[in-house]
4 protein chains.
Amino acid sequence: MIKVGIIGSTGYAGGELVRLLMGHKDAEIVWYGSRSYIDKKYAQVYQNMFQIVDAVCMDDNMEELANQVDVIFTATPQGLCGSLMNEEILSKVKIIDLSADFRIKDVAIYEAWYGIEHKSPQFIEEAVYGLCEINREDVKKARLVANPGCYTTCSILTAYPLAKEGVIDMSTLIVDAKSGTSGAGRGAKVANLYCEVNENIKAYGVASHRHTPEIEEQLGYAAGEKVVINFTPHLVPMNRGILVTEYATLKKDVTYEDVKAIYDQYYEKEKFVRVLEKDVCPETKWVEGSNYVDVNFKIDPRTNRIIMMGSMDNLVKGAAGQAVQNMNLMFGLKETEGLELVPMFP
Amino acid sequence: MIKVGIIGSTGYAGGELVRLLMGHKDAEIVWYGSRSYIDKKYAQVYQNMFQIVDAVCMDDNMEELANQVDVIFTATPQGLCGSLMNEEILSKVKIIDLSADFRIKDVAIYEAWYGIEHKSPQFIEEAVYGLCEINREDVKKARLVANPGCYTTCSILTAYPLAKEGVIDMSTLIVDAKSGTSGAGRGAKVANLYCEVNENIKAYGVASHRHTPEIEEQLGYAAGEKVVINFTPHLVPMNRGILVTEYATLKKDVTYEDVKAIYDQYYEKEKFVRVLEKDVCPETKWVEGSNYVDVNFKIDPRTNRIIMMGSMDNLVKGAAGQAVQNMNLMFGLKETEGLELVPMFP
Amino acid sequence: MIKVGIIGSTGYAGGELVRLLMGHKDAEIVWYGSRSYIDKKYAQVYQNMFQIVDAVCMDDNMEELANQVDVIFTATPQGLCGSLMNEEILSKVKIIDLSADFRIKDVAIYEAWYGIEHKSPQFIEEAVYGLCEINREDVKKARLVANPGCYTTCSILTAYPLAKEGVIDMSTLIVDAKSGTSGAGRGAKVANLYCEVNENIKAYGVASHRHTPEIEEQLGYAAGEKVVINFTPHLVPMNRGILVTEYATLKKDVTYEDVKAIYDQYYEKEKFVRVLEKDVCPETKWVEGSNYVDVNFKIDPRTNRIIMMGSMDNLVKGAAGQAVQNMNLMFGLKETEGLELVPMFP
Amino acid sequence: MIKVGIIGSTGYAGGELVRLLMGHKDAEIVWYGSRSYIDKKYAQVYQNMFQIVDAVCMDDNMEELANQVDVIFTATPQGLCGSLMNEEILSKVKIIDLSADFRIKDVAIYEAWYGIEHKSPQFIEEAVYGLCEINREDVKKARLVANPGCYTTCSILTAYPLAKEGVIDMSTLIVDAKSGTSGAGRGAKVANLYCEVNENIKAYGVASHRHTPEIEEQLGYAAGEKVVINFTPHLVPMNRGILVTEYATLKKDVTYEDVKAIYDQYYEKEKFVRVLEKDVCPETKWVEGSNYVDVNFKIDPRTNRIIMMGSMDNLVKGAAGQAVQNMNLMFGLKETEGLELVPMFP
């Protein structure tokens with residue numbers, strides 16, 4: 001039985017980790033870290049866990065945790081994991097960091113977009129970017145996994161096969177993304193109050209959102225070239241779900257069947273990526289609560305562009321689910337263990 | 001492996017049955033009945049099931065089904081199950097009817113409130129009212145189980161211990177209930193359109209809702225007297241969840257601890273009924289997607305009334321989850337098999 | 001042109017006052033008070049007011065305000081208005097207090113339910129309870145109006161005619177109320193975040209909500225007896241709207257027509273109270289954005305109870321609209337000026 | 001007093017026309033046409049109108065209407081207005097058609113995208129495209145106005161100044177649009193049920209939505225060249241509101257101030273188009289219930305693109321409000337009469 005510690009267990013991603021791990025037969029949470037709720041019963045913070053989780057919230061003592069558990073999930077704000085990381089910890093325990101600290105290889109880019117100094121850049125090189133469908137073999141061997149961002153997971157997987165196969169002109173790629181509000185976290189801010197979000201949609205972080213360089217880096221590896229994109233996130237009045245609509249100019253003269261074959265080549269064997277049937281558009285509701293990413297595309301001969309679409313539950317495949325998938329790979333378990341969740345509808 | 005047939009598999013309750021049974025290790029759905037979608041792939045009706053369910057919708061041939069399966073769930077409008085029932089079918093297969101056809105023992109009351117003639121009243125006596133926490137032993141031996149209504153499950157379990165123990169004056173009982181919109185079904189009606197339900201709340205079926213006599217009958221058994229109540233359902237802009245707020249005058253001078261002890265006596269060992277801690281009010285979100293009913297109460301010394309509250313997912317404990325729980329009991333399986341679902345939050 | 005000052009103009013009720021007064025032809029806002037946003041442009045706090053309101057937020061200087069304006073609206077937390085009130089201010093300016101400070105005649109009850117000391121109890125006697133339909137003549141002569149609470153306005157108006165006419169047994173009255181989330185204000189609290197409220201319903205303040213004694217006092221005047229009730233508010237995932245469902249035992253043998261005649265007697269000439277047609281249940285959506293209260297009732301001969309229902313926009317008739325209606329009365333204007341708003345649907 | 005007839009008064013756009021015209025001091029509705037509800041009281045179809053509208057629904061008799069009214073609004077499905085139009089009617093009455101029948105000058109394009117035969121193409125030439133901010137002078141003289149589509153109004157106004165001034169490369173223009181659900185109409189379809197739309201977002205009509213050629217035609221006039229774009233609408237779980245996010249490559253080296261000056265040049269004097277302050281993104285909530293379009297933009301030097309954004313209430317400026325604005329122009333009234341609606345928040 002793998003012993004799990006969670007730092008930041010009372011945020012939304014942390015709470016989802018708990019939900020998923022409750023159904024995982026080879027893992028057991030032994031440390032519910034939450035700086036804000038130390039000594040409070042976890043089930044009083046998340047009442048859904050009443051009679052399911054009996055534990056009390058602990059502090060964020062990573063050194064102590066390293067002695068007690070096999071794997072630590074850090075579901076914390078940017079900078080925290082980086083500031084706590086050291087070789088001794090890494091020698092004792094595997095780390096899956098849900099923050100952005102180890103996602104971006106170029107520390108200057110990290111520091112520029114996040115506006116903070118990286119406290120342990122020496123581990124960036126070693127860290128594996130935990131997008132399982134793409135870096136599966138590296139994840140299996142990793143001590144430190146950088147769990148991808150929510151927008152990035154969906155944005156990358158939706159375009160990846162076409163970037164990799166050189167079908168699209170990467171300089172034309174535009175990602176218009178829409179997210180449910182749990183992506184904004186559980187902090188008490190006026191902008192996230194029910195009455196401010198409900199019956200409303202807006203763009204935010206236009207041309208400046210922090211997931212931009214992460215998408216660019218990963219799709220750059222796929223395309224084998226430097227990639228610069230427009231990425232525009234929008235806040236949608238729903239709890240969960242990310243939808244991306246991506247636009248790119250085709251570099252080749254391809255048919256629906258050609259493109260479908262490329263997607264199938266990459267994803268047919270992937271449990272968690274579903275290439276939908278022709279003309280079926282991904283919807284966030286169809287993946288809610290599950291680890292699936294649904295993708296599809298439409299070629300527009302009028303403009304010679306392709307519109308790629310992807311949907312995903314931001315708290316599952318976009319955070320906690322992918323983190324568990326990474327854990328499964330790192331510990332040699334069945335990759336889908338604890339993740340065979342059927343999407344909930346309605 | 002138990003072979004399952006579902007009649008009405010494309011309604012919301014039917015869809016939830018499919019979701020739950022996908023995670024049940026001893027049951028397998030072999031017949032997806034749906035009069036409206038015959039020959040259509042099930043996963044095209046419910047896109048969440050893409051790559052999970054490969055089957056095609058079948059008609060509602062109960063006689064044929066009886067030959068092929070071990071248990072039939074009928075998740076259909078009132079009257080259908082009653083019209084198809086006969087001894088030959090019942091001799092071959094167990095039936096769990098999610099409609100109201102066999103819930104009410106007095107056929108005259110059924111016919112009065114539902115406005116239809118009962119086509120097989122001879123089976124009403126045999127049918128077991130499938131509220132597992134109350135009728136567990138009878139369910140185990142049943143051929144025909146009447147799965148309780150959504151409002152009724154929550155309304156009854158919330159008041160049951162106090163009715164049974166004679167703590168409340170049953171003639172004063174008022175049930176004010178609030179339900180998410182999936183309770184209204186998947187039929188295309190203007191009143192259930194997004195724009196009509198969203199940002200809106202209303203009462204409906206005031207003093208005339210069909211779940212009234214069902215609550216009265218069951219609480220009458222508990223109290224050992226004829227019970228007549230006010231039951232008022234309300235439509236709430238959310239997908240899932242039922243909340244009941246029940247009011248009754250106390251017959252005895254009781255403290256919080258007295259009442260808590262009574263609730264615990266009935267529910268402490270019940271996996272799916274959670275008596276919350278003092279002053280914690282049930283919320284539908286804390287049970288979403290799970291088979292739990294959360295209950296609690298507050299004594300008001302100013303009025304000598306007790307306010308009882310219960311919350312539940314109408315599609316799980318209020319329909320499909322309870323149906324699976326009944327199946328588990330009828331087939332001697334672990335009662336919680338397939339139902340150990342952690343509520344999803346947010 | 002009446003000069004208006006608003007203290008607390010950046011809360012939701014304050015914002016609604018601004019919206020309504022923008023369409024009022026005899027009033028002009030000259031002071032946008034907001035302790036939290038001093039010196040910030042009002043239209044940057046409420047972007048809907050861009051190019052409509054050009055003013056900057058001011059502090060809460062009531063003495064200075066009294067010199068500059070004809071009427072002050074205080075849309076502030078409990079206790080503030082009471083702490084600022086004095087005879088000099090009242091001699092210069094009319095006050096419409098949207099807080100609870102002057103609603104309850106018995107200061108001991110106020111202090112017990114609100115848990116604060118009243119700083120100017122000497123003005124309670126003079127203050128007029130500004131439920132216009134009931135206290136119209138007194139409001140016209142008032143210097144200080146206590147604008148009723150949101151729940152109370154709807155709860156009282158729904159039951160008032162039957163309480164006044166002795167049709168219902170007041171000792172049996174139960175008010176089950178449901179409110180949209182704007183009633184919780186614009187403070188940044190976790191409990192009011194989008195993800196916590198959305199897809200959720202809960203009761204709160206059970207047997208202890210502060211609007212209880214206010215309803216009891218006013219309905220007590222109507223009934224001519226001391227009234228003690230159960231009042232249970234619920235939080236509903238919608239921005240605006242209050243629905244009350246009230247239960248009481250009938251003291252007389254009355255028909256639908258009898259009761260309808262009583263409601264009509266009180267409300268037929270009231271612009272803002274609409275007695276709906278038989279069997280039409282009030283819905284919050286049908287009054288959204290307007291100053292209407294929709295009421296109706298249903299007699300249940302099975303239980304000898306009557307179920308009364310009322311719906312209202314909590315920010316209009318439940319706060320800002322009623323405040324403007326009071327202002328109109330106090331200044332001898334047409335009572336409906338600025339309030340002839342057609343409900344917005346959908 | 002202008003006499004108004006509405007054909008299709010019980011759809012959402014028709015209902016909004018009624019709401020707006022109730023507050024218009026120079027117009028009076030004398031004919032509430034609704035094929036589906038003939039002889040039913042209008043206020044029973046839209047309960048918000050109880051005690052406000054006393055009329056009964058009439059049939060769609062355009063010939064008769066032409067004798068009785070001064071202006072007819074047709075808020076009906078595509079094809080109806082075209083099929084009823086003739087010279088005699090147009091000689092008697094002004095027509096404002098909210099359907100697409102007279103929006104597109106090239107009848108072949110209309111017939112290709114809408115899949116129906118145009119029954120009165122002889123009037124297309126005469127019809128004025130009623131985007132008031134652009135075609136104001138022509139509207140004033142028109143007998144027949146084609147009221148623009150909802151998506152198109154927002155899409156065009158957001159990009160218009162930059163298209164007109166040659167700042168953006170029109171061949172790169174991509175419009176990613178998001179709409180509330182009232183845009184889908186009041187028809188009873190499973191896809192528009194509450195439970196299907198709530199907690200969900202999806203694209204639809206990808207590369208094939210009918211508003212595409214309308215946007216292309218109008219922006220083509222502005223740019224002075226043939227324009228072909230990608231337009232992707234999305235369905236958002238909210239009642240009202242359209243947000244467009246538009247991407248285009250800059251043709252010139254421009255600063256924020258340059259572009260702001262261009263927007264101001266076109267819109268500074270326009271009451272209903274608000275160019276927001278720097279870095280403020282349009283949100284649908286800030287314009288809800290009003291006739292405003294909020295626009296803004298962000299230059300991304302990394303990609304040399306500009307991101308233009310616009311928000312609007314689809315039922316007001318996107319339908320009924322613009323129709324009333326057109327009526328005001330056609331009859332020589334103040335353009336803003338009946339439209340000085342302050343956006344409702346929250």
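Residues numbered from 1 in each chain as written. Chains lettered and ligands numbered in written order. Predicted model: local features only at pLDDT ≥ 70, side-chain atom pairs only at ≥ 80, totals over all residues.

A few points about the overall build of chain A
And step 1. A tally of helices and strands in chain A yields 12 helices and 13 strands.
And step 2. Whereas a compact globule of 346 residues would reach a radius of gyration of roughly 20 Å, chain A reaches 19 Å, a difference of no more than 12%.
And step 3. In terms of overall dimensions, chain A has C-alpha extents of about 60 × 45 × 40 Å along its principal axes.
And step 4. In chain A, the proportion of contacts linking residues at least 24 apart, taken out of those at least 6 apart, comes to 71%. (Helix = DSSP H or I, 4+ residues; strand = E, 2+ residues; numbered from the N terminus. Rg over C-alpha atoms; globule rule 2.2 N^0.38 Å. Contact = placed C-beta atoms within 7 Å.)

Digging into the interface of chain A and chain D
And step 1. Tallying the contact residues gives 39 residues for chain A and 40 residues for chain D.
And step 2. Of all the secondary structure elements, the ones that give two or more residues to the side of chain A that touches chain D are β7 (174-179), α9 (194-197), β8 (202-203), β9 (230-235), β10 (242-249), β12 (293-300) and β13 (305-312) of chain A.
And step 3. Of the residues contributing to the side of chain A that touches chain D, the split by class is 18 nonpolar, 9 polar and 12 charged. (Nonpolar A, V, L, I, M, F, W, Y, C, P; charged D, E, K, R; others polar.)

Looking at the sheet that holds strand β11 (residues 273-275) of chain D
Residues and elements named next belong to chain D.
And step 1. Reading across from one edge, β8-β9-β7-β10-β13-β12-β11 is the order of the 7 strands in this open sheet, with mixed pairing throughout. Sheet topology places β8 (202-203) and β11 at the edges, where each strand pairs with a single neighbour.
And step 2. Where strand β12 (residues 293-300) meets strand β13 (residues 305-312), 8 bridges bridge the pair, whose relative direction is antiparallel. Across the sheet, the residue bridging to I299 is I306, located in β13. (Pairing = 2+ DSSP bridges.)

Re the domain arrangement of chain A
Residue and element names in this part refer to chain A.
And step 1. Domain annotation for chain A reports domain 1 (2-126) and domain 2 (151-314).
And step 2. Placing a centre on the C-alpha atoms of domain 1 and another on those of domain 2 gives a separation of 27 Å.
And step 3. Counting residues at the interface gives 9 residues for domain 1, matched by 7 residues for domain 2.
And step 4. Residue classes in the side of domain 1 that touches domain 2 are distributed as 6 nonpolar, 1 polar and 2 charged. (Domains from an automatic or database assignment.)

Regarding helix α7 (residues 132-141) of chain A
Residues and elements named next belong to chain A.
And step 1. Every buried residue of α7 is listed here: C132, N135 and V139. Seen end-on, α7 carries its buried residues on one side only, within an arc spanning 105°. Those residues of α7 that are exposed and aimed more than 90 degrees away from the buried face are E137 and K141.
And step 2. On its buried side, α7 packs onto β5 (128-129), β6 (144-146) and α12 (316-330). (Buried ≥ 20, exposed ≤ 12 C-beta atoms within 10 Å, placed from the backbone. Arc of directions from axis to C-beta.)

Here we look at the interface of chain D and chain B
And step 1. Counting from both sides, the interface comprises 15 residues of chain D and, opposite them, 15 residues of chain B.
And step 2. No other element matches helix α9 (residues 194-197) of chain D, which puts 3 residues into the side of chain D that touches chain B.
And step 3. Counted by class, the side of chain D that touches chain B contains 7 nonpolar, 5 polar and 3 charged residues.

Here we look at the sheet that holds strand β13 (residues 305-312) of chain B
And step 1. Taken together, the 7 strands give an open sheet; going across it, the order is β8-β9-β7-β10-β13-β12-β11 (chain B), and neighbouring strands pair in mixed fashion. Strands at the two margins of the open sheet, each flanked by one partner only, are β8 (202-203) and β11 (273-275) of chain B.

Here we look at the relation of the copies chain A and chain D
And step 1. Take chain A, turn it by 180°, move it 0.0 Å along the axis, and it overlays chain D with an RMSD of 0.0 Å. Accordingly, the operation relating the two chain copies is best matched by a two-fold axis. The position closest to the rotation axis in chain A is occupied by the C-alpha of P237(A), lying 3.3 Å away.
And step 2. By residue overlap, the copies meet face to face through one surface: 100% of the interface positions of chain A are interface positions in chain D. (Least-squares fit on C-alpha atoms with pLDDT ≥ 70 in both.)

Focus: the environment of G332(A)
And step 1. When you line up the elements, G332(A) lands in the segment after α12.
And step 2. It is 7.1 Å that separates the C-alpha atoms of G332(A) and K140(A), two residues lying 192 residues apart in sequence.

Regarding the pairing of strand β3 (residues 71-74) of chain B
All names here are of chain B.
And step 1. Of the two faces of β3, the one holding V71 and F73 and the one holding I72 and T74 are both buried throughout.
And step 2. Both β3 and strand β4 (residues 94-97) contribute to a ladder of 4 bridges, which runs parallel. Its bridge partner lying in β4, V71 is registered against K94.

A few points about the packing of helix α8 (residues 150-164) of chain B against helix α12 (residues 316-330) of chain B
Residue and element names in this part refer to chain B.
And step 1. Direction vectors running N to C along α8 and α12 enclose 100°, while the axes themselves pass 8 Å from each other. When the interaxial angle is binned, α8 and α12 end up roughly perpendicular. Seen from α8, the contacting residues are C150, T153 and C154; seen from α12, they are K317, G318, A319 and Q322.
And step 2. Its residues placed into classes, the contact of α8 with α12 shows 3 nonpolar, 3 polar and 1 charged. (Axes fitted to C-alpha atoms, helices over the stretch in contact; angles between N-to-C directions. Parallel < 35°, antiparallel > 145°, perpendicular 65-115°, else oblique.)

Regarding the relation of the copies chain D and chain B
And step 1. Superposing chain D onto chain B takes a rotation of 180° combined with a translation of 0.0 Å along the rotation axis, leaving an RMSD of 0.0 Å.
And step 2. The residues that chain D uses at the interface reappear at the interface of chain B in 100% of cases, marking a shared surface.

Points about the pairing of strand β9 (residues 230-235) of chain D
Residues and elements named next belong to chain D.
And step 1. With 6 of its 6 residues buried, β9 lies for the most part within the structure.
And step 2. Burial of β9 is two-sided: the residues N230, T232 and H234 facing one way and the residues F231, P233 and L235 facing the other way are all buried.
And step 3. Relative to β9, strand β7 (residues 174-179) runs parallel, the two sharing 6 bridges. Note on β9: the bridge partner recorded for A177 is P233.
And step 4. As paired elements, β8 and β9 share 2 bridges and run antiparallel to each other. By the bridge assignment for β9, A203 is matched with H234.

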